[in-house]
Amino acid sequence: MPPASTHPHRTRPPGRPIRSVLVACALLVLGAMHTANAEPHAGSHQAPDDPALDARVMDAAETIGALRGLTPTAPVRARIQSRAEMRASLEMLVAEELSPDEIAVSSRLLRALGLLAPDVDFLEMMLGLYEDQVAGYYDTRTQTLYLLSDDGLDQDDLILVHELFHAIQDQHFGIRPLQDAGRHITDVGLARSAIIEGDAMAVMIAAMTGAPVSAAQGALMQGLMDGAAGLVAPDADLGVPHVLWRQLLFPYSAGMGFILQVHDARGWEGVNEIYAQAPVSSRAILQPRRWIEGWDPTWLDTPDLAHLAGQQPARAQHALCTDLAQPVLQGPADGAEPAGAAQGSAGAAPEASAFPGVRRYAADVLGVLTGAAMVQQLLDGAVPAPRVEQRMLSLAGDRLDAWRTPGDPERDILVWLTVWDSVAAAAAAGALLARLGEAWVPDAAAPRQDEGAHGQWTLAVDGAGALLVERWGDLVLVALDRGGHASAAERCATLIMAAERVMTGHSRSRFPDLDAAQDSAAAP
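Residues numbered from 1 in each chain as written. Predicted model: local features only at pLDDT ≥ 70, side-chain atom pairs only at ≥ 80, totals over all residues. Heavy atoms only, no water.

1. So, the environment of aspartate 264
Looking at the secondary structure, you find aspartate 264 in helix α9 (residues 242-274). Separated by 51 residues in sequence, aspartate 264 and valine 213 place their C-alpha atoms 9.4 Å apart. In this view, aspartate 264 contacts Ser214, Ala215 and Ala216; residues no more than four positions away in its chain are not counted. (Helix = DSSP H or I, 4+ residues; strand = E, 2+ residues; numbered from the N terminus. Contact = heavy atoms within 4.5 Å.)

2. As for the pairing of strand β4 (residues 136-139)
The side-chain alternation of β4 yields two buried faces, one formed by Gly136 and Tyr138 and the other by Tyr137 and Asp139. Bridging between β4 and strand β5 (residues 144-148) involves four bridges; their strand directions are antiparallel. Bridge pairing in β5 places tyrosine 138 opposite leucine 145. (Buried < 20%, exposed > 50% of the residue type's maximum accessible area, 1.4 Å probe, protein only. Pairing = 2+ DSSP bridges.)

3. With respect to the state of the cysteines
The full count for this structure, using the stated rule, is one disulfide. With a sulfur-sulfur separation of 2.1 Å, cysteine 321 is cross-linked through a disulfide to cysteine 492. What sets the handedness of the cysteine 321 and cysteine 492 disulfide is the S-S torsion sign, and at about -70° it is left-handed. With cysteine 321 in helix α12 (residues 315-330) and cysteine 492 in helix α17 (residues 488-505), the pair connects residues that are 171 residues apart, well separated along the chain. Neither residue differs from the other here; cysteine 321 and cysteine 492 are each classed as buried. (Disulfide = S-S within 2.5 Å.)

4. Notes on the sheet that holds strand β8 (residues 395-405)
With respect to topology, seven strands assemble into an open sheet ordered β7-β8-β9-β13-β12-β11-β10, the strand pairing being antiparallel. Only two strands of the sheet have a single partner each, and these edge strands are β7 (359-364) and β10 (448-451). The average undirected angle you get between the axes of adjacent strands in this sheet is 15°. Pairing geometry for β10 and strand β11 (residues 456-462), over four bridges, is antiparallel. Among the inter-strand pairings, glutamine 449 is bridged to a residue of β11, identified as threonine 458. Set on the sheet, helix α15 (residues 423-434) makes contact with β9 (408-420), β11, β12 (465-472) and β13 (475-482); between it and β12 the angle comes to about 170°. Here α17 sits on the sheet in contact with β9, β11, β12 and β13, set at roughly 25° to β12. (Axes fitted to C-alpha atoms, helices over the stretch in contact; angles between N-to-C directions.)

5. Re the sheet that holds β4
Reading across from one edge, β3-β5-β4 is the order of the three strands in this open sheet, with mixed pairing throughout. In the strand order of this sheet, the two ends are held by β3 (77-81) and β4, each with one partner. Each adjacent strand pair in this sheet contributes to an overall mean axis angle of 20°, direction not counted. Helix-sheet contacts for helix α1 (residues 51-68) involve β3 and β5, and the interaxial angle to β3 is about 125°. Across the sheet, helix α5 (residues 157-172) touches β4 and β5, and the angle it forms with β4 is around 15°.

6. A few points about the packing of helix α3 (residues 100-112) against helix α4 (residues 122-133)
Where α3 meets α4, the axes come as close as 9 Å, and the angle between the chain directions of the two elements is 95°. Accordingly, the angle class assigned to the pair α3 and α4 is roughly perpendicular. Of α4, the residues touching α3 (which contributes Ile103, Ser106, Ser107 and Leu110) are Phe122, Leu123 and Met126. Partitioned by chemical class, the residues of the contact of α3 with α4 number five nonpolar, two polar and no charged. (Parallel < 35°, antiparallel > 145°, perpendicular 65-115°, else oblique. Nonpolar A, V, L, I, M, F, W, Y, C, P; charged D, E, K, R; others polar.)

7. A look at the packing of aromatic side chains
Going through the model one piece at a time under the given rule, you end up with four aromatic pairs. Where tyrosine 137 meets tyrosine 146, the ring centres are 5.2 Å apart and the plane angle is 25°; that geometry is what we call stacked. With a centroid separation of 4.0 Å and an interplanar angle of 5°, the aromatic rings of phenylalanine 173 and tyrosine 275 are classed as stacked. Separated by 102 residues along the polypeptide, phenylalanine 173 in the loop between α5 and α6 (175-181) and tyrosine 275 in the loop between α9 and α10 (282-286) bring together distant segments of the chain. On the basis of relative accessibility, which here comes to 12%, the residue tyrosine 275 falls in the buried class. Positioned above the aromatic ring of tyrosine 361 is the side chain of arginine 108, whose terminal nitrogen or guanidinium carbon lies 5.2 Å from the ring centre. Positioned above the aromatic ring of tryptophan 295, the side-chain terminus of arginine 283 is 4.8 Å from the ring centre. (Phe/Tyr/Trp six-rings, centres within 6.5 Å; stacked < 30°, edge-to-face > 60°. Lys NZ or Arg CZ within 6 Å of the ring centre and 35° of its normal.)

8. Focus on the nonpolar core
Counting 63 residues, the largest nonpolar core has Trp420 and Leu433 as its most contacted members. At seven residues, helix α13 (residues 367-379) tops the list of elements feeding residues into this core. Ranked by size, the runner-up nonpolar core spans 56 residues in total, among them Val203, Phe250, Val262 and Ile274. (Core = buried A, V, L, I, M, F, W, Y, C linked by side-chain atoms within 4.5 Å.)

Listed below in structure tokens is the structure:
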């Protein structure tokens, strides 16, 4: 799913929603932000040279050269921006990176998943988050770094080191191509951001301590950063979802840990080689040894559900859905008809109908980090965060597709297909993911659970939605139908038919060339 950060789907993907909800990443603990493709405020281009700032840049370059073995290949310009100028730059960045259609898709997907409150304006939330967190950034197009002049923050040499190293990275390895290669897929974007930000963090911490940092020291610093995350969290009034906050933090803390583990194993030359063949998943960042040993996630392709339009559920499916819909019609204790319940004769459950016409509006790979953060936010502490993270670390690959129904514009059908390290891991994950019904269909009667022809399934419906979680071997599929005016029986039948089509029609392979992967994941 989409957000957070840094570069998922170019146009309607869930990657775009969440991952690229944050087209730039914030250095929360130390108050800096790297925006790789921000267009600076027009007035800041005319700012005169600042000899004192230029001298600080030269000193910082010498420090980086001594600690990291990389120095600028060309002069790097540095400028000071006021808060108003930086706000204008960020507004231009968002306007350039996210079209109105992309903003609408991101907002719709987050709301369909229950991750964004209905009263939160998505664009204003993003701008408020950026303004709240940014203290500096590097612009790849003008090869200029900018520091915020506000309460003395422009005097922070650690922020200068961090942003200057981004300029050095850009000169030696090319930041923009690295980001663009993972731009359309949330999990790839997070992994690429983790390389860029993690390396800068390792250099910055080394500058702070005066000596290169080991993986063990980095792990301690990572723990301190993660522990301090709550202290620097954005204002609650912004309405920033937990999943976006986690995506924002991830490149800095986990990225630093990854870089330092590779450094311990292969030295700085080994770190430099990462840029030519960077990881494509957040799991690789969280488990560096797996990546060093050659592990890559599984790539999943899924069929087009539009071909199901007009097909009728099988007789057994029809009977099951009609039966499940009956309690929904009984309504709450006050006798009021629940939202979404179809009209009909008293006590008669609506008939399960044909599969609706659908159009995919988002497609993405969520990965371990985004998947775990989503589950944590939805369950809201009902399952301890460490247990969620432990379960999700067995995720070997995934694919989220989001469909809209033109005949019922507010209705969303979401299908998240996941593959796990083993059948046992899939069984444990399936039990965890089935609990998402507590957030998505909270008014459902006791979920129906059974053994199917291929594995176990859990199905729950209420007046506003339906959830199906089904396991086939090492696969777990989560299908959700929410919003709009469909009846409980219709939603139930739709999810069963969608699950059957995806489970029997998907394919899995090694993670492909990123260009091909992005073409496949992009929505039509």
